[in-house]
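The residues making up each chain are set out below.
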Amino acid sequence: MSTQTQPTTSRQTTLAIDIGLLLLLSLIWGSSFTLIKIAIPTIPPFTMVAARVTIAALLLILVAAAQGHALPRRGSVWAAFFVQGLLQSALPFTLISWGEMHIASSLAGVLNATPPMFVLAIAVMTKRGRQAISGRKVIGVALGLAGVALTMGIDALSGVGTAAPLAQMAVLGASLCYALAPIWGQRFSGLPAIVTAAGAMSCAAVLMLPAAAILEQPWGLAPPPARAIAAVIALAMVCTAFAMVIYFRLIRTLGALGTTSGSYLRAGFAVALGTAILGEHLSWSSLAGMTLILAGVVAVTAPALGKPAGAQGRN
């Protein structure tokens, strides 16, 4: 009896840690919308993203080396890293940064709460995906969407179809990237999270540096203010390097849908931070919305209680 209780307790402890990490990751990535809004008036999107991913890649490589991890040498692994770097960093970071030139950070955060919708749509198109999606996860997604609507408020959502439609579509495109990225990233489950993060971010830097040089010629820009520079450094070190290590761990333990469920919480944090720091309006419905968001995340991740941790990574 004691041998059965011990594995169950261990799984519950692991799940509690993973949900805690999901909350932390959501807070970190929720703050990125505010930081982007601070930097984007003086640092154009390609330049911002190039600086962000390059600083993050260098930091991740140094941390991996300090931990005694060597980067893979096989070309096939690096080809997969390039796809991961494009889907997880280079493309969505650029789309969101450009989008925030035209819409509020809180609205961008809410529009970027849709990856679980795309994950479910992709999953039901595959036989394995249909078997993995439970009714509880569908309910969790529905609760999360309701929470997003409450967090933003009816008045804010009513303007989605009219204000800066291209910017809104760009942010939704980033959500599609974020849905595809954890599905693709499950192939790296045999690698340490720090190695996967360093490899993917290095590839993102290789993609973004020439793009910024060709399209924006950053050496000719006026020097940005210290506030904008600090925002980019925080984006690179905290919202990218540190966050990616957490992200690749959660892909292995919570799976693609469980990890992307944090986008609901990310939306709530984006609204709260946009209100506190940027003066964007926060309605009375935010508390109720955040409660539904949290309930949705729990509903999506709760089935892990009945499965080994490794099984969740295969969902």
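Residues numbered from 1 in each chain as written. Predicted model: local features only at pLDDT ≥ 70, side-chain atom pairs only at ≥ 80, totals over all residues. Heavy atoms only, no water.

Undergrad: If you had to explain empty space enclosed by the protein to someone new, which residues and values would you point to?
TA: A complete count under the given rule lists 4 cavities of 30 Å³ or more for this structure. In terms of lining, the largest cavity is formed by 13 residues, of which the most central are Trp 29, Tyr 247, Thr 259, Thr 260 and Arg 266. The set of elements that each furnish at least two residues to the lining of the largest cavity consists of helix H1 (2-39), helix H11 (226-260) and helix H12 (262-278). At 4 residues, the largest contribution of residues to the lining of the largest cavity is made by H1. Here the lining of the largest cavity is built from residues that sort into 6 nonpolar, 6 polar and 1 charged. Empty space within the second largest cavity amounts to approximately 80 Å³. Contributing to the lining of the second largest cavity are Trp 29, Ser 32, Phe 33, Ile 36, Arg 52, Phe 93, Ile 96, Asn 112, Tyr 178 and Arg 266. Mapped onto the lining of the second largest cavity, the elements with two or more residues apiece are H1 and helix H3 (75-99). The biggest single contributor to the lining of the second largest cavity is H1, with 4 residues. (1 Å grid on protein atoms, 1.4 Å probe; cavity = no way out; pocket = protein on both sides within 12 Å on 5 of 7 lines; lining within 4 Å. Points joined across faces, edges and corners; volume = space filled by probe spheres on them. Helix = DSSP H or I, 4+ residues; strand = E, 2+ residues; numbered from the N terminus. Nonpolar A, V, L, I, M, F, W, Y, C, P; charged D, E, K, R; others polar.)

Undergrad: Residues and numbers for the packing of aromatic side chains, please.
TA: To describe a pair of aromatic rings, you give the distance between the ring centres and the angle between the ring planes. According to the stated counting rule, one finds 5 aromatic pairs in the structure shown. Ring geometry for Trp 78 and Phe 81: centres 5.2 Å apart, planes at 85°, overall edge-to-face. On the criterion of helical spacing, the pair formed by Trp 78 and Phe 81 is a turn pair, its members being 3 residues apart in helix H3. Relative accessible area serves as the criterion here: at 22%, Trp 78 is assigned to the partly exposed category. According to the relative accessible area criterion, Phe 81 is buried, its value standing at 0%. (Phe/Tyr/Trp six-rings, centres within 6.5 Å; stacked < 30°, edge-to-face > 60°. Buried < 20%, exposed > 50% of the residue type's maximum accessible area, 1.4 Å probe, protein only.)

Undergrad: Mind laying out the environment of Ile 139, listing which residues take part and the relevant values?
TA: Mapped onto the elements, Ile 139 comes out in helix H7 (residues 135-152). Classification of Ile 139 as exposed rests on a relative accessible area of 52%. A C-alpha to C-alpha distance of 7.1 Å links Ile 139 and Ala 299, two positions 160 residues apart in sequence.

Undergrad: Describe unusual backbone geometry, listing the residues and the values that go with them.
TA: Located in the positive-phi region is Gln 217, a residue other than glycine, with phi close to 45°. Mapped onto the elements, Gln 217 comes out in the loop between helix H10 (193-215) and H11.

Undergrad: Kindly report on the pattern of salt bridges, identifying the contributing residues and their values.
TA: Considering all chains together, one arrives at 1 salt bridge under this definition. For Arg 249, the salt bridge is made with Asp 18, and the minimal N-O distance between the two is 3.0 Å. Residue Arg 249 is found in helix H11, and its partner Asp 18 is found in helix H1; the two are separated by 231 residues along the sequence. Note on Arg 249: relative accessible area 28%, which makes it partly exposed. (Salt bridge = Lys/Arg side-chain N within 4 Å of Asp/Glu carboxyl O.)

Undergrad: An account of H12 is needed here, citing residue identities and associated values.
TA: Helix length check: H12 (17 residues) gives 23 Å between terminal C-alpha atoms against 24 Å at 1.5 Å per residue, within 8%. Two residues or fewer after H12 comes Gly 279, characterised by a positive phi angle close to 80°. (Expected span 1.5 Å × (residues − 1).)

Undergrad: So, H3: which residues are in play, and what are the values?
TA: Taking 1.5 Å per residue as the helical rise, H3 with its 25 residues ought to reach 36 Å, and the 34 Å between its terminal C-alpha atoms agrees with that figure. Leu 86 marks where H3 bends most, by close to 45°. (Bend = angle between axes of the 7 residues up to and from the residue.)

Undergrad: Hey, could you go over the nonpolar core for me, with residue numbers and the actual values?
TA: Trp 29, Met 48, Val 53, Met 201, Met 244 and Tyr 247 are the most contacted members of the largest nonpolar core, which totals 58 residues. Elements that contribute at least two residues to this core include exactly H1, helix H2 (45-66), H3, helix H4 (105-111), helix H9 (165-185), H10 and H11. Ignoring any residue separated from it by four or fewer positions in sequence, one finds Trp 29 in contact with Gln 88, Cys 239, Ala 243, Met 244, Tyr 247 and Arg 266. (Core = buried A, V, L, I, M, F, W, Y, C linked by side-chain atoms within 4.5 Å. Contact = heavy atoms within 4.5 Å.)

Undergrad: Any details on a nonpolar patch on the surface? Residues and values, ideally.
TA: Nonpolar side chains collect at one region of the surface, where Leu 24, Leu 27, Ile 55, Ile 229, Ile 233, Met 237, Val 238 and Phe 242 lie side by side and expose about 620 Å² of accessible area between them. With 5 residues, H11 is the single largest residue contributor to the nonpolar patch. The topology assignment puts Ile 233 in helix H11. (Patch = residues over 30% accessible without salt bridge, like charges linked within 9 Å, V, L, I, M, F, W, Y side chains within 5 Å. Areas by Shrake-Rupley, 256 points an atom, 1.4 Å probe, with all protein chains shown as cover.)

Undergrad: I'd like a description of the side chain of Thr 94, backed by residues and values.
TA: Within the secondary structure, Thr 94 sits in helix H3. Under the relative-accessibility criterion, Thr 94 is labelled buried at 10%. Apart from the residues lying within four places of it in its own chain, the contact partners of Thr 94 are Pro 45, Phe 46, Val 49, Ser 89 and Met 208.

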